[in-house]
Amino acid sequence: MTPTEEPMRPSGWSRAGLITIAALAALDAVLGPENNLSGSFGVAPFLTAVGAHPAATGVVGALALFVSGLTALGDHVPAEVALIRMGIVAVAGIAATAAAGRRRAGEARLRKVTRVADVAQQAILEPLPQQIDGYHLAASYVSATEEASVGGDLYALVRRADGARLLLGDVRGKGLEAVQLAAAAMRTFHDAALTTERLEELPRAFEEALLLRLGPEDFLTCLMVELGADHTVAVANCGHPPPLLLSGGGTTSLEPQISVPPVGLGASGVVRRVALHPGERLLLYTDGLVEARDMTGAFIRPEEILAGIDDHDLGDVADEVVRRLEERTGGRIRDDLALVLIESTGDRPRERDHDLVAGQDGARLPSTGS
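Computed from a predicted model, the values in this text were never measured in an experiment. (Residues numbered from 1 in each chain as written. Predicted model: local features only at pLDDT ≥ 70, side-chain atom pairs only at ≥ 80, totals over all residues. Heavy atoms only, no water.)

I tried to follow a nonpolar patch on the surface on my own but got confused; where do I start?
Taken together, the side chains of L18, L63, F66 and L70 define a hydrophobic patch exposed on the protein surface, amounting to about 360 Å² of accessible area. The leading source of residues in the nonpolar patch is helix α3 (residues 54-74), at three residues. Locating L18 in the fold gives a position in helix α1 (residues 12-31). Assessed through its relative accessible area of 40%, L18 is described here as partly exposed. (Patch = residues over 30% accessible without salt bridge, like charges linked within 9 Å, V, L, I, M, F, W, Y side chains within 5 Å. Areas by Shrake-Rupley, 256 points an atom, 1.4 Å probe, with all protein chains shown as cover. Salt bridge = Lys/Arg side-chain N within 4 Å of Asp/Glu carboxyl O. Helix = DSSP H or I, 4+ residues; strand = E, 2+ residues; numbered from the N terminus. Buried < 20%, exposed > 50% of the residue type's maximum accessible area, 1.4 Å probe, protein only.)

Mind showing me how you'd approach the state of the cysteines here?
What is meant by a disulfide is a covalent connection between two cysteines, made through their sulfur atoms. Applying the stated criterion across every chain yields a total of zero disulfides. C222 forms no disulfide, and the closest cysteine sulfur to it belongs to C238, at a distance of 4.3 Å. Judged by relative accessible area, which is 0%, C222 ranks as buried. (Disulfide = S-S within 2.5 Å.)

It is not clear to me how the nonpolar core should be interpreted in this structure. Could you clarify?
In a soluble, globular protein the nonpolar side chains are often hidden away together inside. Membership of the largest hydrophobic core comes to 27 residues, with the highest contact counts inside it found for L154, F189, F206, L210, L220, M224 and V263. Elements represented by at least two residues in this core include exactly β3 (153-160), β4 (163-171), α5 (175-195), α6 (202-210), β5 (220-228) and β6 (232-238). Of the residues forming this core, the biggest block, eight residues, is contributed by α5. Residues in contact with L220, not counting those within four places in the same chain, are L154, G169, D170, V171, A185, F206, L210, C238, P262 and V263. The next biggest cluster of nonpolar side chains, apart from the first, holds 23 residues, and it includes L128, I132, V233 and L284. (Core = buried A, V, L, I, M, F, W, Y, C linked by side-chain atoms within 4.5 Å. Contact = heavy atoms within 4.5 Å.)

Got a minute to help me understand the packing of aromatic side chains in this structure?
Each aromatic ring pair is characterised by the separation of its centres together with the angle its planes make. All chains considered together, the criterion is met by one aromatic pair. Note on F189 and F206: the rings are 6.1 Å apart at their centroids and 90 degrees apart in plane angle, and the pair reads as edge-to-face. Placement of F189 in helix α5 and of F206 in helix α6 is noted, with a sequence separation of 17 residues between them. F189 sits in the buried class, given a relative accessible area of 0%. (Phe/Tyr/Trp six-rings, centres within 6.5 Å; stacked < 30°, edge-to-face > 60°.)

As structure tokens, then:
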């Protein structure tokens, strides 16, 4: 057995083919000799071929041919007519088996591509450390592509002497081209995050360095987050869904005071700074969370998914968010989803007196809040 083959197992499609044969035989008996159905049994192998192994399809085709002959004989169908009808069933069985073989070969090729895509995605999205000075971290990635965990959502962490900088983003598009652009974005962010002194300057420096890799229609929405040594988290938002502050069982959206375009469309540095108290968490996410729809087609509010999520350990939060989304959407997440959680572990000032917004020039203004 080759690595791309799977052992043959009973399948619903095989059972459907057998049930079809039984139903046609019963119907033929009820209708009587004047309404012989011997030529209709070719439906069964075609139905089986939709999802069953080629060998199972061949077995169903052979059985259909045998029962076709029995019904023709039982209804005293003229030999010439019976042979024609049985020939139709035989051709249907052969064609269905061949179709099942082609489908099977396509599935084998897809599994090979899936493994390559999985390796590529895993190589790009390196695991975040569970802890850095003053913070606990957790991350998760879920692809909307059922066949392969591959997409354009990304996250990356860069350590600096004064703390760390984190990128969470969503590249326009999907598939391997999006993965390539995501990889380029993470490499570029690594260099820019190390060489750019102020976070306010990072979006523009990042965009200028990445422009050579962006096509005319490419762009990247992202959050650039600075984890300060004093437990102050600074967020530069470039056209991305805003982070959510999880505190006391509730959620607060940290909307930017000024809307900034995505990277590739004129990003600039507008930074919001927020002090995290011990145990408070900041959730960064891509649009797979805010664009999810329930089984009625209505958008799911993130607050509904995140209700009571503070009761879970940080490492379990991402999995619980995904579980709740799948439950509400009927098991189908329609867009890639990347999640990063940041939790403060150090002593904090009692007042959130430096929940501030900083502009491009570094001037700091009181935040409007959310």
